[in-house]
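Listed here are the chains, written in short residue letters.
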Amino acid sequence: MKLFPAIDILGGRAVRLLYGKRELVTDYGLPLDRAKQWRDAGAEWLHVVDLDGAFDGGSRADKILSEIVALGIKVQSGGGLRTMEEIESRLETGVSRVVLGTVCHTDPALFEAAVARFGEKIVAGIDCRNGFLSVKGWTETGKETGEAFGKRARSLGVKYCVFTDVSRDGALSGAAAKETAELSRKTGLKTIASGGIASLSDLEKLASEGIYGAILGRSIYEGRIDLKEAVSRFQGGGEDAL
């Protein structure tokens, strides 16, 4: 299982939000310092989100992303990518994959064009609250289910998705292992679990379900999961093309 330490960037700082709410923020210092920490603990990938872009639109973290990529670690990144130019700019930083969320629903033609152009570098962000998609920085709930969108993304050629249970994000309430496995099975997407992962036992549950990957946030920032130990126990599953 691939492990993806998360770095969420807001105002140039590495932060964690509770339930994705901007006002419920904890500051964890400089993003580059955290990237070095997780790289040195053995992480092969990072999951880096531009929260400023996610909330307000517009890609703003490209300079920081270039610096993180220069550390020699693979990065998948999302947040604020709502035009082809912003997607191109994000990929030009050297990140291996970009995660598209809101734009998949507000501009499906752009999503389809991006998948056609960049292939496996495009990751579908499936953020759900009670089974329905959450968009625009999780401030709005859509009418489409995560499963329906995942099937649609797979039909376009998308290979990977990040599945976040918004109600669990940042709350250390436990991984949504069954829901993640069900989404993966029904859509055929290689699914990266996100939200609520609080302990090594949560990672064990995800691994037992055959989940492709897991994003680690508050659990590693607060020391509930030792990343080096988690890497030793769980990281693996073969190399990706990227």
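Our structure is the block above this text.
This structure is a prediction, so every number in the text was calculated from the model and none was measured.

J.: Can you help me understand the overall build of the protein chain in this one?
T.: Tallying secondary structure elements over the protein chain gives 11 helices and 12 strands in all. Over its C-alpha trace the protein chain gives a radius of gyration of 16 Å, about what one expects of a compact globule, namely 18 Å for 242 residues. By principal-axis analysis of the C-alpha atoms, the protein chain measures approximately 40 × 35 × 35 Å. Residue pairs at least 24 apart in sequence account for 68% of intrachain contacts in the protein chain once pairs closer than 6 positions are excluded. With an accessible surface of roughly 9,800 Å², the protein chain has 47% of that area assigned to carbon and sulfur atoms. The average position of the 33 basic charges and that of the 34 acidic charges among the side chains of the protein chain differ by 2 Å.

J.: Would you take a moment to explain the packing of aromatic side chains for this structure?
T.: Aromatic rings considered in pairs are described by the distance between their centres and by the relative angle of their planes. Scanning the model with the defined rule gives five aromatic pairs in all. Between the aromatic rings of Tyr28 and Tyr221, the centroid separation amounts to 4.7 Å while the plane-to-plane angle is 45 degrees, which identifies the pairing as tilted. Remark: Tyr221 occurs in helix α10 (residues 218-221) and Tyr28 occurs in the loop between β3 (25-27) and α1 (31-40); sequence separation between them is 193 residues. Using a relative accessible area of 9% as the deciding quantity, one classes Tyr221 as buried. On the numbers, 5.3 Å between centres and 80 degrees between planes, the contact of Trp38 with Tyr221 is edge-to-face. Taken together, the residues span a long stretch of sequence, with Trp38 in helix α1 and Tyr221 in helix α10 at a distance of 183 residues. For the pair formed by Trp38 and Tyr221, the shared burial category is buried. A cation over an aromatic ring shows up here: Arg97 above the ring of Tyr160, its NZ or CZ 3.8 Å from the ring centre.

J.: I would appreciate a short explanation of the nonpolar core in the present structure.
T.: One finds Leu203 and Leu206 to be the most contacted residues of the largest nonpolar core, which totals 63 residues. With five residues, the top contributor of residues to this core is helix α6 (residues 108-118). Residues contacting Leu206, with those up to four places away along its chain left out, are Met1, Ala175, Ala177, Ala193, Ile197, Ile211 and Ala214. Core analysis: the next-biggest nonpolar cluster, separate from the first, contains 10 residues, Phe4, Val99, Tyr212 and Ile215 among them.

J.: I tried to follow the layout of surface pockets on my own but got confused; where do I start?
T.: The method is simple in principle: a probe with the dimensions of a water molecule rolls over the atoms, and the space it marks as empty is what remains. Within this model, the largest pocket holds a volume of roughly 240 Å³. A per-element tally of the lining of the largest pocket places helix α8 (residues 177-187) first, with four residues. Across the lining of the largest pocket, the residue classes break down as three nonpolar, four polar and six charged.

J.: I'm lost on the packing of helix α9 (residues 200-208) against helix α11 (residues 227-234) in this one. Help?
T.: Each pair of packed helices gets described by two things: the angle between the helix axes and the distance between those axes. Interaxial distance between α9 and α11 falls to 11 Å at its minimum, and their mutual angle equals 25 degrees. Classed by the angle they form, the pair α9 and α11 counts as roughly parallel. The two elements α9 and α11 meet at a crossing, and its hand is right-handed. Seen from α9, the contacting residues are Leu200, Leu203, Glu204 and Ala207; seen from α11, they are Glu229, Ala230, Arg233 and Phe234. Counted by class, the contact of α9 with α11 contains five nonpolar, no polar and three charged residues.

J.: What is the right way to look at the pattern of salt bridges in this model?
T.: Any two side chains of opposite charge can pair, so long as their charged atoms come close to each other. Evaluated as defined, the whole model comprises 17 salt bridges. Between Lys186 and Glu182 there is a salt bridge, with its nearest N and O atoms 2.7 Å apart. With Lys186 and Glu182 both in helix α8, this residue pair falls four residues apart, about one helical turn. By relative accessible area, which is 33% here, Glu182 ends up partly exposed.

J.: Any chance you could explain the environment of Arg218 here in plain terms?
T.: On the secondary structure map, Arg218 appears in helix α10. Take Arg218: its relative accessible area is 25%, and that puts it in the partly exposed class.

J.: Explanation requested: α8 in the structure shown.
T.: Side chains of residues three or four places apart in an α-helix project in the same direction, reflecting 3.6 residues per turn. Listed as buried for α8 are Ala177, Thr180, Ala181, Leu183, Ser184 and Thr187. The arc enclosing the buried residues of α8, seen along the axis, measures out at 160 degrees, which places them on a common side. Along α8, the residues that are exposed and aim more than 90 degrees away from the buried face are Lys178 and Arg185. In this fold, the buried residues of α8 make contact with β7 (122-129), α7 (146-156), β10 (160-165), β11 (190-194) and α9. Phi turns positive one or two residues past the end of α8, at Gly188, with a value near 80 degrees.

What counts, and at which threshold
- Residues numbered from 1 in each chain as written.
- Predicted model: local features only at pLDDT ≥ 70, side-chain atom pairs only at ≥ 80, totals over all residues.
- Heavy atoms only, no water.
- Helix = DSSP H or I, 4+ residues; strand = E, 2+ residues; numbered from the N terminus.
- Rg over C-alpha atoms; globule rule 2.2 N^0.38 Å.
- Contact = heavy atoms within 4.5 Å.
- Areas by Shrake-Rupley, 256 points an atom, 1.4 Å probe, with all protein chains shown as cover.
- Lys, Arg positive; Asp, Glu negative; His and termini not counted.
- Charge placed at Lys NZ, Arg CZ, Asp CG, Glu CD.
- Phe/Tyr/Trp six-rings, centres within 6.5 Å; stacked < 30°, edge-to-face > 60°.
- Buried < 20%, exposed > 50% of the residue type's maximum accessible area, 1.4 Å probe, protein only.
- Lys NZ or Arg CZ within 6 Å of the ring centre and 35° of its normal.
- Core = buried A, V, L, I, M, F, W, Y, C linked by side-chain atoms within 4.5 Å.
- 1 Å grid on protein atoms, 1.4 Å probe; cavity = no way out; pocket = protein on both sides within 12 Å on 5 of 7 lines; lining within 4 Å.
- Points joined across faces, edges and corners; volume = space filled by probe spheres on them.
- Nonpolar A, V, L, I, M, F, W, Y, C, P; charged D, E, K, R; others polar.
- Axes fitted to C-alpha atoms, helices over the stretch in contact; angles between N-to-C directions.
- Parallel < 35°, antiparallel > 145°, perpendicular 65-115°, else oblique.
- Left-handed = near helix turned anticlockwise from the far one by under 90°.
- Salt bridge = Lys/Arg side-chain N within 4 Å of Asp/Glu carboxyl O.
- Arc of directions from axis to C-beta.

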